[in-house]
Amino acid sequence: MSPFLGEVIGTMLLILLGDGVVANVVLNRTKGSNAGWIVITTAWAMAVFVGAFSVASVSGAHLNPAVTIGLATAGNWGTTFFRSWADVPLYIIAQFIGAFIGAVLVYLAYFQFWGETPDKGAKLAVFSTGPAIRNPVWNLVTEIIGTFTLLFGIFTIKGATMTPAASGGSPYNLGLGALGIIPVAFLVWAIGMSLGGPTGYAINPARDLGPRIAHFVLPIPGKGDSDWSYAWIPVVGPIIGAVIAALLYVALGKF
C-alpha cells in the first residue's frame, strides 16, 4: 500500500468513527441519543487510535494536515515514506479525500435518522465543528492552543518518532509507535475533555473541512447551511498551532 492510500484509509477510519459517534449522540432516535460529551470525546480518542494504528507502518499515520505541517516544520522526517516538503501536499490531499469519504460513510450509516432530526445545527455538528460562543478571535485562539497541545504532545511522547517499519523500527517506534499511539490517543482524549468546550476541538483541518464539504454536497433532509463563514477557523487555527509547537520543539533542542 502506498503512503498516499494509507493516509486516505487512516483518515477515513478516523472520521467514520469520530463523526459517527457525534451522529449517534446528537441525532434523534439513535441508540446513543443524548449520551453526552464524555462519550463523544472517548470515541474520538479511540478513532485516533484505530485510524493511526491501522496505517502507521504504511504512512506514519499523520491523518491531519496540521500534524504533517508540524512534522515538516520541525524537520521530523521518516526515512522511507515522509522525506521532504514535496511529500507534504500529497499527504494533505490524501487526508482531505479520506475525511470526505469517512463523512459520506457516516451519512449512509445514519441515513434513516436525518429526517428524524429537525435541528439543523445538530446535523451540521455531525460533520464539522462550531463555536459555543461565536467570536472569531477567541475561537481562533482556542484552536491554536488545542493544536499546539496536540503537536507538542506528539513531539514529546516517547516512542512517537514517526520512524517507518522498513527502517528497522521496533513496535515502540513503528509510525507513531504501537505503544506510542496509545498515549497520543489519550492526549486527544484529554484535549477534547479539557479544551474542547469552546469550539468542539477540530485540531485538524481535514477533520473539519472535508466533512463540511460532504455536508454541503450530500442530500441531507433539512440540513441548513454549512456555516462557511466559520470554516476558515478550524483550518487556519490548527496550522498556526502546529507551526508554533514545531518551532518551540526545535528551539528547545528536539528533546
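Structure's up top.
Below or above, wherever it landed, is the structure these notes cover.

## Re the pattern of salt bridges
Thinking step 1. Per the stated rule, a full pass over the model turns up four salt bridges.
Thinking step 2. In this structure, E116 and R29 form a salt bridge, with 3.4 Å as the shortest nitrogen-oxygen distance. A residue pair is termed long-range when its members are at least 10 positions apart, and E116 in the loop between helix 4 (88-109) and helix 5 (120-127) and R29 in the loop between helix 1 (3-26) and helix 2 (37-59) qualify at 87 residues.
Thinking step 3. For E116, a relative accessible area of 36% translates into the label partly exposed.

## Here's the deal with empty space enclosed by the protein
Empty space among the atoms becomes visible once a probe the size of a water molecule is rolled across them.
Thinking step 1. One pass over the full model with this rule turns up one cavity of 30 Å³ or more.
Thinking step 2. The computed volume of the largest cavity comes to approximately 260 Å³.
Thinking step 3. Considering the residues around the largest cavity, the lining is formed by 20 residues, among which V48, N64, L150, V188 and N204 are closest to the centre.
Thinking step 4. Sorting the residues of the lining of the largest cavity by element identifies helix 2, helix 6 (136-156) and helix 7 (181-195) as the ones contributing at least two each.
Thinking step 5. Of all the elements, helix 2 adds the most residues to the lining of the largest cavity, at three residues.

## Focus on a nonpolar patch on the surface
Thinking step 1. A cluster of nonpolar residues, F4, L90, I93, I97, I101, L105, L108 and F111, forms a patch on the protein surface that exposes about 690 Å² of accessible area.
Thinking step 2. Here the nonpolar patch takes six residues from helix 4, the largest share from any one element.
Thinking step 3. Residue placement: I101 occurs in helix 4.
Thinking step 4. Given a relative accessible area of 32%, I101 falls into the partly exposed group.

## As for the side chain of R207
Thinking step 1. Counting through the fold element by element, R207 comes out in helix 8 (residues 205-217).
Thinking step 2. R207 sits in the buried class, given a relative accessible area of 5%.
Thinking step 3. A polar contact of 3.2 Å, which involves the side chain of R207, links it to the backbone oxygen of F127.
Thinking step 4. Apart from residues lying up to four places away in sequence, R207 is in contact with I15, D19, W44, F127, S128, T129 and A202.

## Some points on the nonpolar core
Thinking step 1. Membership of the largest hydrophobic core comes to 59 residues, with the highest contact counts inside it found for W44, W114, V126, F127 and L150.
Thinking step 2. With nine residues, the top contributor of residues to this core is helix 2.
Thinking step 3. If sequence neighbours within four positions are ignored, V126 has contacts with D19, V22, A23, V26, L27, V106 and W114.

## Focus on the environment of S226
Thinking step 1. One can find S226 in the loop between helix 8 and helix 9 (233-251).
Thinking step 2. When neighbours within four sequence positions are excluded, S226 is seen to be in contact with L124, R212, H215 and F216.

## Details of the packing of helix 3 (residues 65-74) against helix 9
Thinking step 1. Viewed as axis vectors pointing N to C, helix 3 and helix 9 meet at an angle of 30 degrees, and their least axial separation amounts to 8 Å. The pairing of helix 3 with helix 9 is recorded here as roughly parallel in orientation. In this structure, helix 3 meets helix 9 at a crossing whose hand is right-handed. Each of A66, I69, G70, T73 and A74 in helix 3 lies in contact with helix 9, whose residues at this interface are P238, I239, A242, V243, A246, L247, Y249 and V250.
Thinking step 2. Looking at side-chain class alone, the contact of helix 3 with helix 9 contains eleven nonpolar, two polar and no charged residues.

## Topic: the side chain of H215
Thinking step 1. Assignment of secondary structure puts H215 in helix 8.
Thinking step 2. By relative accessible area, H215 is classed as buried at 0%.
Thinking step 3. H215 has contacts with K123, L124, F127, I220, K223, G224, D225 and S226, leaving out every residue within four places of it along the chain.

## Some words on the layout of surface pockets
Thinking step 1. In this structure, the largest pocket encloses a volume near 370 Å³.
Thinking step 2. Counting only elements with at least two residues in the lining of the largest pocket, the list comes to helix 1, helix 2 and helix 5.
Thinking step 3. Residue composition of the lining of the largest pocket, grouped by class: twelve nonpolar, nine polar and two charged.

Definitions and limits used
Residues numbered from 1 in each chain as written. Predicted model: local features only at pLDDT ≥ 70, side-chain atom pairs only at ≥ 80, totals over all residues. Heavy atoms only, no water. Salt bridge = Lys/Arg side-chain N within 4 Å of Asp/Glu carboxyl O. Helix = DSSP H or I, 4+ residues; strand = E, 2+ residues; numbered from the N terminus. Buried < 20%, exposed > 50% of the residue type's maximum accessible area, 1.4 Å probe, protein only. 1 Å grid on protein atoms, 1.4 Å probe; cavity = no way out; pocket = protein on both sides within 12 Å on 5 of 7 lines; lining within 4 Å. Points joined across faces, edges and corners; volume = space filled by probe spheres on them. Patch = residues over 30% accessible without salt bridge, like charges linked within 9 Å, V, L, I, M, F, W, Y side chains within 5 Å. Areas by Shrake-Rupley, 256 points an atom, 1.4 Å probe, with all protein chains shown as cover. Polar contact = N/O pair within 3.5 Å; in protein donor to acceptor, adjacent residues only side chain to side chain. Contact = heavy atoms within 4.5 Å. Core = buried A, V, L, I, M, F, W, Y, C linked by side-chain atoms within 4.5 Å. Axes fitted to C-alpha atoms, helices over the stretch in contact; angles between N-to-C directions. Parallel < 35°, antiparallel > 145°, perpendicular 65-115°, else oblique. Left-handed = near helix turned anticlockwise from the far one by under 90°. Nonpolar A, V, L, I, M, F, W, Y, C, P; charged D, E, K, R; others polar.

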